[in-house]
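# Remarks on the overall topology
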Amino acid sequence: NRYSVYEADIRPLGFKFIEIGGAITADTVREVKRVLADPARQRRIARHNFELGREHLSYEVLRRRLARWIRKLTA
């Protein structure tokens, strides 16, 4: 579902999700069925989302950002 944190922080990163705008629609169900029926598509989506997660949300990214902030605070 498109809650406020998702809209502000996650959606702009470009993850591939089947979005629900408050209610499950026939289109949503069709899209879920298409993904479930296509293992190659599942792998592509998973690979895409994994790479975005590694690029934007990994512990390595967090470590670099925290180190930068700590340097700024202690400078």
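Structure's up top.
Residues numbered from 1 in each chain as written. Predicted model: local features only at pLDDT ≥ 70, side-chain atom pairs only at ≥ 80, totals over all residues. Heavy atoms only, no water.

## Observations concerning the overall build of the chain
Counting secondary structure elements, the chain contains four helices and zero strands. If you list the helices and strands of the chain from N to C, you get α-α-α-α. Rg of the C-alpha trace for the chain: 17 Å, well past the compact-globule value of 11 Å for 75 residues, more than 25% over. Dimensions of the chain, computed from the C-alpha atoms along their principal axes, are close to 55 × 30 × 15 Å. Per-residue burial for the chain yields a buried fraction of 13% across its 75 residues. Within the chain, counting contacts between residues at least 6 apart in sequence, those at least 24 apart form 33% of the total. Charged side chains of the chain number 17 positive and 9 negative; the gap between the two group centres comes to 4 Å. (Helix = DSSP H or I, 4+ residues; strand = E, 2+ residues; numbered from the N terminus. Rg over C-alpha atoms; globule rule 2.2 N^0.38 Å. Buried < 20%, exposed > 50% of the residue type's maximum accessible area, 1.4 Å probe, protein only. Contact = heavy atoms within 4.5 Å. Lys, Arg positive; Asp, Glu negative; His and termini not counted. Charge placed at Lys NZ, Arg CZ, Asp CG, Glu CD.)

## A closer look at a nonpolar patch on the surface
A surface patch of nonpolar side chains, about 580 Å² in accessible area, is lined by Tyr59, Leu62, Leu66, Trp69 and Ile70. For Leu62, the position within the fold is in helix 4 (residues 59-74). (Patch = residues over 30% accessible without salt bridge, like charges linked within 9 Å, V, L, I, M, F, W, Y side chains within 5 Å. Areas by Shrake-Rupley, 256 points an atom, 1.4 Å probe, with all protein chains shown as cover. Salt bridge = Lys/Arg side-chain N within 4 Å of Asp/Glu carboxyl O.)

## Notes on the packing of helix 3 (residues 39-57) against helix 4
Packing of helix 3 against helix 4 leaves a shortest axis separation of 6 Å and a crossing angle of 15°. Classed by the angle they form, the pair helix 3 and helix 4 counts as roughly parallel. Here helix 3 contributes Arg54, Glu55, His56 and Leu57 to the contact with helix 4, which in turn contributes Tyr59, Val61 and Arg65. For the contact of helix 3 with helix 4, a count of residues per class yields three nonpolar, one polar and three charged. (Axes fitted to C-alpha atoms, helices over the stretch in contact; angles between N-to-C directions. Parallel < 35°, antiparallel > 145°, perpendicular 65-115°, else oblique. Nonpolar A, V, L, I, M, F, W, Y, C, P; charged D, E, K, R; others polar.)

## So, the packing of aromatic side chains
Across all of its chains, the model carries three aromatic pairs by this definition. Considering the side-chain rings of Tyr3 and Tyr6, the 6.0 Å spacing of their centres and the 45° angle between planes classify their relative orientation as tilted. Among the residues examined, Tyr3 registers a relative accessible area of 45% and is labelled partly exposed. Ring plane angle 15° and centroid distance 5.6 Å describe the contact between Phe15 and Phe17, whose orientation is recorded as stacked. For Phe15, a relative accessible area of 14% translates into the label buried. Members of the aromatic cluster, connected to one another through ring pairs, are Tyr3, Tyr6, Phe15 and Phe17. (Phe/Tyr/Trp six-rings, centres within 6.5 Å; stacked < 30°, edge-to-face > 60°.)

## Quick notes on the pattern of salt bridges
Any two side chains of opposite charge can pair, on the condition that their charged atoms come close. Summed over the entire model, instances satisfying the criterion amount to 10 salt bridges. Among the ionic pairs, Arg2 bridges to Glu19, the shortest N-O distance being 3.3 Å. Remark: Glu19 occurs in the loop between helix 1 (4-10) and helix 2 (26-36) and Arg2 occurs in the segment before helix 1; sequence separation between them is 17 residues. Classification of Glu19 as partly exposed rests on a relative accessible area of 25%. Among the ionic pairs, Arg11 bridges to Glu7, the shortest N-O distance being 3.3 Å. One salt-bridge network, held together by shared partners, links Arg2, Glu7, Arg11 and Glu19.

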